[in-house]
Amino acid sequence: MAAFLNNLFGGSKPSASPIPAGDSDFADFAGAPDPEPASLTSTISTPSFTGLASFPTGRAVPYTKWYNIHERYSLSDFKQEGVILSLIVVIVIIHMFGTSTNRKKAKQWVAAHAPVLQKEFALVGFGGRKPPTAEEVENAGLAKSMANDTLELPVDLLKEKSPQEFTTYATGRQNVAFLDVNLTLMKRYSPLSMIAEYGMSLFFESMPAPVEQMEAILYPFDGREALTVPGQAPGAHELRKDTKSGFDGFVWAIVNKETMKQLRDDRYDVSITTTKDTPKLPVWATVMSESAEITDFLLTPELIKAVEEAGELLNHLIITDQPIDQPLKIEETIPKKRIYLSMRIPSSGNYSKTLPIFEYFVRLTDTLVSNAHFRPEVLRKVRTTREDTVRKLQKADEEEKAEERGLEREKAKKLKRDLELKALDAKGQKKYLEKEKEKEMRKSQKKMTSKG
């Protein structure tokens, strides 16, 4: 009883009894020393994270290749990235080579034709109004300085619209409002596109094979200097005095037979002409004209010689006053005179054979203004084709207007019927519908009897 009370109230505990010598299960712990706290600095090393459930073990971690990337990976691990980078490098090199080659070819063309353009035109290239300087703004004010008519001479004769398209511009010549020149080169920067275009041209006639060509469009004044040239421009007063730059309108062309069918399908103005071979021209070329007299006038020895020198590099030379697309409205039939020249760019870069016809093309307006005034009999035949086109468009326009008027009458009639039905009661609506049905039956019977 005393021992129980002593244990209950925290009395002195008896000392642990010694482990019997015969008990072998606890023999290893009998002589074990008391544990001592371990030093953190001496035992804990950098934790090793080699698994998902890894944690600091307190043991010294052996050195592994985890700590050096060059030991962890090799070049064979980056095969996919290497292939992608190689393709990107190849694409960039091809693109840079193609664009630089196209720029060189365009500069070669300009170097060969710039002397002719600068000789014939006062301004070649892309200029603009000269921006006012800070001193001009301070002295005269911003508004007056912006009203300065001084033009800034163009720095570049050629403008790059895309890696394969280049353009230039010229103006400032008698009888010519302005000239647009467009160069279309191969897509050397994209070989896959070139291959696809060549492949499509083999299966579809509407898709011609890609070629390098120059297309120039010359716009004559045609007696409209006052409408084209601003009054404040230098030399405008002299141009307004001499307004005798007009000539008779017609369509005439020298065409390469390889492109004749495609040209006739694509252009309305050429489609109204008749084709006739002439022994004066080479076998590969033909004339498309509205009148034999116009052909005799335009087919000069100088032009024949230029065509022979150009050879099959010439696609076409077209003089026209009609639209390229089929006119759908009467307003689109208004004559607008233009001269087109299309030539293939020689792969050798030698333009000595194509320069004569280019010079003739630039000066052609002088010949037209001087002598392109034909007899009334010739012009009557030319006007007949245009009047027929206008007459067809007028007839189509009248039919369209009549159809619109018929639809409006039907709508008004239907609206009147709906209002009358709405104003009646149920019996009145029934009688109205019966009368309407009887009228329709009478009409159908009359039609049947008239057919019989």
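This is a predicted model, so every value here is computed, not measured.

Conventions we followed
- Residues numbered from 1 in each chain as written.
- Predicted model: local features only at pLDDT ≥ 70, side-chain atom pairs only at ≥ 80, totals over all residues.
- Heavy atoms only, no water.
- Helix = DSSP H or I, 4+ residues; strand = E, 2+ residues; numbered from the N terminus.
- Buried < 20%, exposed > 50% of the residue type's maximum accessible area, 1.4 Å probe, protein only.
- Contact = heavy atoms within 4.5 Å.
- Areas by Shrake-Rupley, 256 points an atom, 1.4 Å probe, with all protein chains shown as cover.
- Salt bridge = Lys/Arg side-chain N within 4 Å of Asp/Glu carboxyl O.
- Patch = residues over 30% accessible without salt bridge, like charges linked within 9 Å, V, L, I, M, F, W, Y side chains within 5 Å.
- Lys, Arg positive; Asp, Glu negative; His and termini not counted.
- Charge placed at Lys NZ, Arg CZ, Asp CG, Glu CD.
- pLDDT = per-residue confidence, 0-100.
- Core = buried A, V, L, I, M, F, W, Y, C linked by side-chain atoms within 4.5 Å.
- 1 Å grid on protein atoms, 1.4 Å probe; cavity = no way out; pocket = protein on both sides within 12 Å on 5 of 7 lines; lining within 4 Å.
- Points joined across faces, edges and corners; volume = space filled by probe spheres on them.
- Pairing = 2+ DSSP bridges.
- Phe/Tyr/Trp six-rings, centres within 6.5 Å; stacked < 30°, edge-to-face > 60°.
- Lys NZ or Arg CZ within 6 Å of the ring centre and 35° of its normal.

Chemist: Please explain the overall build of the protein chain as it appears in this structure.
Modeler: What the protein chain contains, in helices and strands, is 17 helices and 12 strands. Considering the protein chain as a whole, with its 452 residues, one finds that 30% of them fall into the buried category. Taking contacts inside the protein chain between residues at least 6 apart in sequence as the whole, the part at least 24 apart equals 67%. Carbon and sulfur atoms form 59% of the exposed surface of the protein chain, whose accessible area is close to 31300 Å².

Chemist: It is not clear to me how the pattern of salt bridges should be interpreted in this structure. Could you clarify?
Modeler: Where side chains of opposite charge bring their charged atoms close, a pairing between them can arise. Using the criterion set out here, one finds 21 salt bridges in the structure. Note that glutamate 258 is salt-bridged to arginine 344, the shortest N-O span being 3.2 Å. You can see glutamate 258 sitting in helix H11 (residues 257-266) and its partner arginine 344 sitting in strand E12 (residues 338-344), a full 86 residues away along the chain. Given the relative accessible area of 26%, arginine 344 is considered partly exposed. Across the pair arginine 391 and aspartate 388 runs a salt bridge, and its minimum N-O distance is 2.6 Å. With arginine 391 and aspartate 388 both in helix H16 (residues 376-423) and three residues apart, the pair spans about one turn of that helix.

Chemist: What is the right way to read a negative patch on the surface from this model?
Modeler: Taken together, the side chains of Glu398, Glu399, Glu400, Glu403, Glu404 and Glu408 make up a negatively charged region of the molecular surface. With respect to the element layout, glutamate 400 can be found in helix H16.

Chemist: Help me understand the confidence of the model for the protein chain, please; the structure alone is not making it clear to me.
Modeler: The predicted coordinates of low-pLDDT regions are not to be read in fine detail. In the predicted model, the protein chain carries a mean pLDDT of 79, and 74% of its residues have values of at least 70. In the predicted structure, residues 38-55 sits below a pLDDT of 50 and forms 15 contacts with residues beyond four places in sequence or in another chain. Across residues 142-153 the pLDDT falls below 50, and counting only partners more than four positions away or on other chains, this stretch makes 20 contacts in the model.

Chemist: What am I meant to see in the nonpolar core here?
Modeler: As a rule of thumb, nonpolar side chains are buried together in soluble globular proteins. Trp252 and Phe361 are the most contacted members of the largest nonpolar core, which totals 57 residues. Ranked by residue count, the leading element in this core is helix H15 (residues 355-371), at nine residues. Residues within four places of phenylalanine 361 in sequence aside, it is in contact with Leu179, Ala216, Ile217, Leu218, Leu317, Ile339, Tyr340 and Leu341. Among the nonpolar cores identified, the runner-up in size contains eight residues, and Ala253, Leu263, Met288 and Ile318 belong to it.

Chemist: Looking at this model, I keep getting lost on a positive patch on the surface. Mind explaining?
Modeler: Taken together, Lys413, Lys427, Lys431, Lys435, Lys439, Lys443, Lys446 and Lys447 make up a surface patch of like positive charges. With seven residues, the single largest contributor to the positive patch is helix H17 (residues 426-451). Classification of lysine 413 by relative accessible area gives exposed; the value is 58%.

Chemist: What's the story with empty space enclosed by the protein in this structure? I'm lost.
Modeler: Rolled over the atoms, a probe sized like a water molecule indicates the empty space that remains. Counted under the stated rule, the structure contains one cavity of 30 Å³ or more. The calculated volume of the largest cavity comes to roughly 40 Å³. Forming the boundary of the largest cavity are Trp109, His113, Met214, Met343, Arg344, Ile345, Pro346, Tyr351 and Thr354. The set of elements that each furnish at least two residues to the lining of the largest cavity consists of helix H5 (79-120) and E12.

Chemist: Would you explain a nonpolar patch on the surface in this entry?
Modeler: Taken together, the side chains of Ile84, Leu85, Ile88, Val92 and Met96 make up a nonpolar region of the molecular surface, amounting to roughly 470 Å² of accessible area. Structurally, isoleucine 84 is set in helix H5. Assessed through its relative accessible area of 45%, isoleucine 84 is described here as partly exposed.

Chemist: How should I be thinking about the pairing of strand E10 (residues 285-289) in this particular structure?
Modeler: Each regular strand displays side chains that alternate between the two surfaces of the sheet. Of all five residues making up E10, five are buried, and the element is well covered by its neighbours. Going residue by residue along E10, you find Ala285, Val287 and Ser289 tucked away on one face and Thr286 and Met288 tucked away on the opposite face as well. In the sheet, strand E8 (residues 252-256) pairs with E10 via five bridges, with the strands oriented antiparallel. Its bridge partner being in E10, asparagine 256 is matched across the sheet by alanine 285. Bridge analysis of strand E9 (residues 274-276) against E10 gives three bridges, and the strand direction is antiparallel. Among the inter-strand pairings, threonine 274 is bridged to a residue of E10, identified as serine 289.

Chemist: Can you walk me through the environment of alanine 209 in this structure?
Modeler: Structurally, alanine 209 is set in the loop between helix H8 (191-203) and strand E7 (213-220). Classification of alanine 209 as partly exposed rests on a relative accessible area of 36%. Remark: the alpha-carbon pair of alanine 209 and alanine 196, spanning 13 residues in sequence, is separated by 10.0 Å. Filtering out sequence-adjacent residues up to four positions away, alanine 209 remains in contact with Tyr198 and Ser201.

Chemist: Would you mind showing me how to read the packing of aromatic side chains here?
Modeler: The relation between two aromatic rings is expressed through the spacing of the ring centres and the mutual angle of the planes. With the rule as written, the count across this model stands at six aromatic pairs. Ring plane angle 80° and centroid distance 5.6 Å describe the contact between phenylalanine 250 and phenylalanine 374, whose orientation is recorded as edge-to-face. With phenylalanine 250 in the loop between helix H10 (236-241) and E8 and phenylalanine 374 in the loop between H15 and H16, this pair connects stretches of sequence that are 124 residues apart. On the basis of relative accessible area, phenylalanine 374 is assigned to the buried category, the value being 11%. Among the aromatic residues, those joined into a cluster by ring pairs are Trp109, Phe358 and Phe361. Its guanidinium or amino end placed over the ring of tyrosine 340, arginine 267 lies 4.3 Å from that ring's centre, counting from NZ or CZ.

Chemist: For this particular structure, what's the right way to read the environment of isoleucine 319?
Modeler: Structurally, isoleucine 319 is set in strand E11 (residues 314-320). Once the C-alpha coordinates of isoleucine 319 and serine 289 are considered, the two residues, 30 residues apart in sequence, prove to be 9.7 Å apart. Setting aside anything within four residues of it in sequence, one finds isoleucine 319 in contact with Phe250, Val251, Trp252, Leu298, Arg338, Ile339, Leu364 and Leu368.

Chemist: Would you take a moment to explain the pairing of E7 for this structure?
Modeler: With six of eight residues buried, E7 lies mostly within the body of the structure. In terms of strand pairing, strand E6 (residues 176-184) meets E7 through eight bridges, oriented antiparallel. By the bridge assignment, valine 181 is partnered in E7 with alanine 216. The pairing of E7 with E12 spans six bridges and is antiparallel. Each bridged residue has a counterpart across the sheet, and for methionine 214 the counterpart in E12 is methionine 343.

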